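Now for the letters of each chain:
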Amino acid sequence: MRLSLAPVCRPQQWKPLLTARRSYAFQSGSLNFEVFNRRAKWLQKERAAANVEGGRQADYLKDEVAMRVCERLLDVKRQFPRVLDLGANSCNIARAVLRPDPDPESEPPVTDPLATKITELVAAESSHSLLHRDHDHPSLSTTHVPDFKLTRHVLEHDELLPFEPDSFDMVLSSMSMHWINDLPGVLSQINSVLKPDCPFIGAMLGGDTLYELRTSLQLAEQERKGGISPHVSPLADVRDVGGLLQRTGFKMLTVDVEDIVVDYPDMFALMQDLQAMGEGNAVLGREMGPIGRDVLLAGDAIYRALHGNEDGSIPATFRIIHMIGWKESPHQAQPLRRGSGQASLKDLLEGQ
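Predicted model only: the values in this text are computed from it and were never measured. (Residues numbered from 1 in each chain as written. Predicted model: local features only at pLDDT ≥ 70, side-chain atom pairs only at ≥ 80, totals over all residues. Heavy atoms only, no water.)

**Q** Any details on the pairing of strand β10 (residues 314-327)? Residues and values, ideally.
**A** The buried fraction of β10 is high, at 13 of 14 residues. The sheet contact formed by strand β7 (residues 199-205) and β10 spans seven bridges and is antiparallel. Note that in β10 the partner of P199 across the bridge is W326. (Buried < 20%, exposed > 50% of the residue type's maximum accessible area, 1.4 Å probe, protein only. Helix = DSSP H or I, 4+ residues; strand = E, 2+ residues; numbered from the N terminus. Pairing = 2+ DSSP bridges.)

In structure tokens:
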């Protein structure tokens with residue numbers, strides 16, 4: 001996917017979200033380490049929510065990913081009485097399920113909103129201001145789906161789920177789990193609050209997200225300052241996610257990756273939109289204060305030289321890791337015993 005966008009706002013200071021691979025060793029129990037500053041991330045969300053119009057304009061990425069997450073519900077032929085949206089941001093998932101004509105190109109077309117599959121959607125988010133930013137916006141109106149209820153729940157701790165076990169028929173999460181310190185622990189809690197044979201469907205940033213920005217700023221800092229400051233936020237790799245889902249008890253796993261490439265007029269427009277999204281750097285031990293003007297100007301020039309488009313714009317790649325896992329149930333379909341197959345895949349392929 002490629003979009004051409006103009007800048008949303010022009011803030012005074014910004015710390016970029018950059019990427020590196022983040023590996024996990026699964027361990028149950030309490031959190032033993034922290035990578036991200038939870039309070040800094042909460043403040044970033046609160047400040048982003050204060051800029052209401054700018055935040056709505058910058059929601060294009062989160063709205064797009066939320067729609068792609070919800071499109072996976074088209075393949076699940078069941079009703080969901082109670083659904084949890086974990087890390088709801090500005091209720092992007094709710095906006096996606098309330099959208100009419102979710103799949104007009106299918107045969108037959110799907111014209112009813114996906115909210116008709118859901119009785120109650122619990123939108124859980126740590127930032128009160130962001131969660132309630134669009135409480136009166138037309139995109140979250142439920143008048144056309146009278147049986148659908150949207151409940152907002154402010155989390156005291158975004159890594160501790162205050163819900164009873166076996167209390168949800170589905171858990172959704174879009175564009176929030178990449179800021180979780182204890183990802184294995186949160187996945188275990190998600191598995192706990194799900195009812196048996198119910199799905200978790202999520203999407204988060206990962207892998208080489210914003211690699212263009214990362215390389216440009218690193219080269220600029222190396223040139224101007226003779227070293228590299230810790231601006232890098234580690235993100236999970238797709239190879240880690242499947243293992244984490246399996247180790248936290250999920251079955252029938254599906255993990256896939258897609259890149260969304262957005263075109264910007266310059267590096268500063270990209271940085272401004274990231275701040276309006278609430279996606280600034282929140283790594284513990286990061287360099288405080290704004291990046292120097294000379295580094296930013298050099299970074300923009302390097303960005304254009306290494307990655308720029310022919311029309312003068314610059315691309316920014318957002319790598320989205322999609323994941324689906326089901327809570328174990330004795331009624332689920334089970335794989336056949338190894339070696340029990342009656343047909344050879346080799347023979348089938350050679351016969352074509």
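**Q** An account of a nonpolar patch on the surface is needed here, citing residue identities and associated values.
**A** Taken together, the side chains of L345, L348 and L349 make up a nonpolar region of the molecular surface, amounting to roughly 330 Å² of accessible area. Within the element layout of this structure, L348 appears in helix α11 (residues 345-350). Exposure remark for L348: the relative accessible area of 54% places this residue in the exposed category. (Patch = residues over 30% accessible without salt bridge, like charges linked within 9 Å, V, L, I, M, F, W, Y side chains within 5 Å. Areas by Shrake-Rupley, 256 points an atom, 1.4 Å probe, with all protein chains shown as cover. Salt bridge = Lys/Arg side-chain N within 4 Å of Asp/Glu carboxyl O.)

**Q** Can you explain the side chain of H178? Please cite residues and give values.
**A** Relative to the helices and strands, H178 resides in the loop between β6 (170-174) and α6 (183-193). Residue classification places H178 among the buried residues on the basis of a relative accessible area of 3%. Looking at H178, its side chain comes within polar contact range of the side chain of E279, at 3.1 Å. (Polar contact = N/O pair within 3.5 Å; in protein donor to acceptor, adjacent residues only side chain to side chain.)

**Q** Can you break down the nonpolar core residue by residue, with the values?
**A** In terms of nonpolar packing, the biggest core is built from 62 residues, with V97, F148, Y264, L270 and F318 touching the most fellow members. When residues in this core are grouped by element, the largest group, seven residues, is from helix α9 (residues 267-277). If we ignore the near neighbours within four places in the chain, the residues touching V97 are C70, P113, L114, A115, I118 and F148. The next biggest cluster of nonpolar side chains, apart from the first, holds 27 residues, and it includes V122, I180, V186 and L244. (Core = buried A, V, L, I, M, F, W, Y, C linked by side-chain atoms within 4.5 Å. Contact = heavy atoms within 4.5 Å.)

**Q** Run through the packing of α9 against helix α10 (residues 293-307), naming residues and quoting values.
**A** The description of two helices packed together rests on the angle between their axes and the distance between the axes. Viewed as axis vectors pointing N to C, α9 and α10 meet at an angle of 110 degrees, and their least axial separation amounts to 9 Å. Taken together, α9 and α10 sit at an angle that is classed as roughly perpendicular. For the pair α9 and α10, contact is made by M267, F268, L270 and M271 and by L296, L297, G299, D300 and Y303, respectively. (Axes fitted to C-alpha atoms, helices over the stretch in contact; angles between N-to-C directions. Parallel < 35°, antiparallel > 145°, perpendicular 65-115°, else oblique.)

**Q** Describe empty space enclosed by the protein, naming the residues involved and giving the relevant values.
**A** Summed over the entire model, instances satisfying the criterion amount to three cavities of 30 Å³ or more. In this structure, the largest cavity spans a volume of roughly 140 Å³. Lining of the largest cavity is provided by 14 residues; of these, K45, G87, D158, S176 and I180 occupy positions nearest its centre. Of the residues in the lining of the largest cavity, the class split is six nonpolar, four polar and four charged. The space that makes up the second largest cavity amounts to roughly 60 Å³. Taken together, A48, D59, K62, N89, S90, N92, L130, R133, A276 and M277 make up the lining of the second largest cavity. (1 Å grid on protein atoms, 1.4 Å probe; cavity = no way out; pocket = protein on both sides within 12 Å on 5 of 7 lines; lining within 4 Å. Points joined across faces, edges and corners; volume = space filled by probe spheres on them. Nonpolar A, V, L, I, M, F, W, Y, C, P; charged D, E, K, R; others polar.)

**Q** Just give me the short version of the packing of helix α7 (residues 211-225) against α10, but keep the residues and values in it.
**A** For the pair α7 and α10, the least separation of the axes is 8 Å and the interaxial angle reads 130 degrees. Taken as axis vectors, α7 and α10 run oblique relative to one another. For the crossing formed where α7 meets α10, the hand is right-handed. Taken together, the residues of α10 that come into contact with α7 (itself represented by Y211, E212, L213, T215, S216, L217, L219, A220, E221, E223, R224 and K225) are D294, V295, A298, G299, I302, Y303, L306 and H307. (Left-handed = near helix turned anticlockwise from the far one by under 90°.)

**Q** Which residues make up the packing of aromatic side chains, and what are the values?
**A** For the coordinates displayed, the defined rule picks out three aromatic pairs. Ring geometry for F163 against F168: centres 5.2 Å apart, planes inclined by 90 degrees, an arrangement best described as edge-to-face. The same class applies to F163 as to F168, namely buried. Centre to centre, the rings of F200 and F250 are 5.8 Å apart; their planes meet at 40 degrees, and the pair counts as tilted. Of the two residues, F200 sits in strand β7 while F250 sits in strand β9 (residues 250-264), which places them 50 residues apart along the sequence. Neither residue differs from the other here; F200 and F250 are each classed as buried. The lysine or arginine in question, K41, covers the ring of W179, its NZ or CZ lying 3.8 Å from the ring centre. (Phe/Tyr/Trp six-rings, centres within 6.5 Å; stacked < 30°, edge-to-face > 60°. Lys NZ or Arg CZ within 6 Å of the ring centre and 35° of its normal.)

**Q** Outline helix α8 (residues 238-247), listing residues and values.
**A** Looking at α8, one finds that the buried residues are D240, V241, L244 and L245. Summarising the axial view, the buried residues of α8 lie within an arc of 130 degrees, below the 170-degree limit, and thus occupy one face. In α8, the exposed positions angled more than 90 degrees off the buried face are occupied by R239, Q246 and R247. (Arc of directions from axis to C-beta.)

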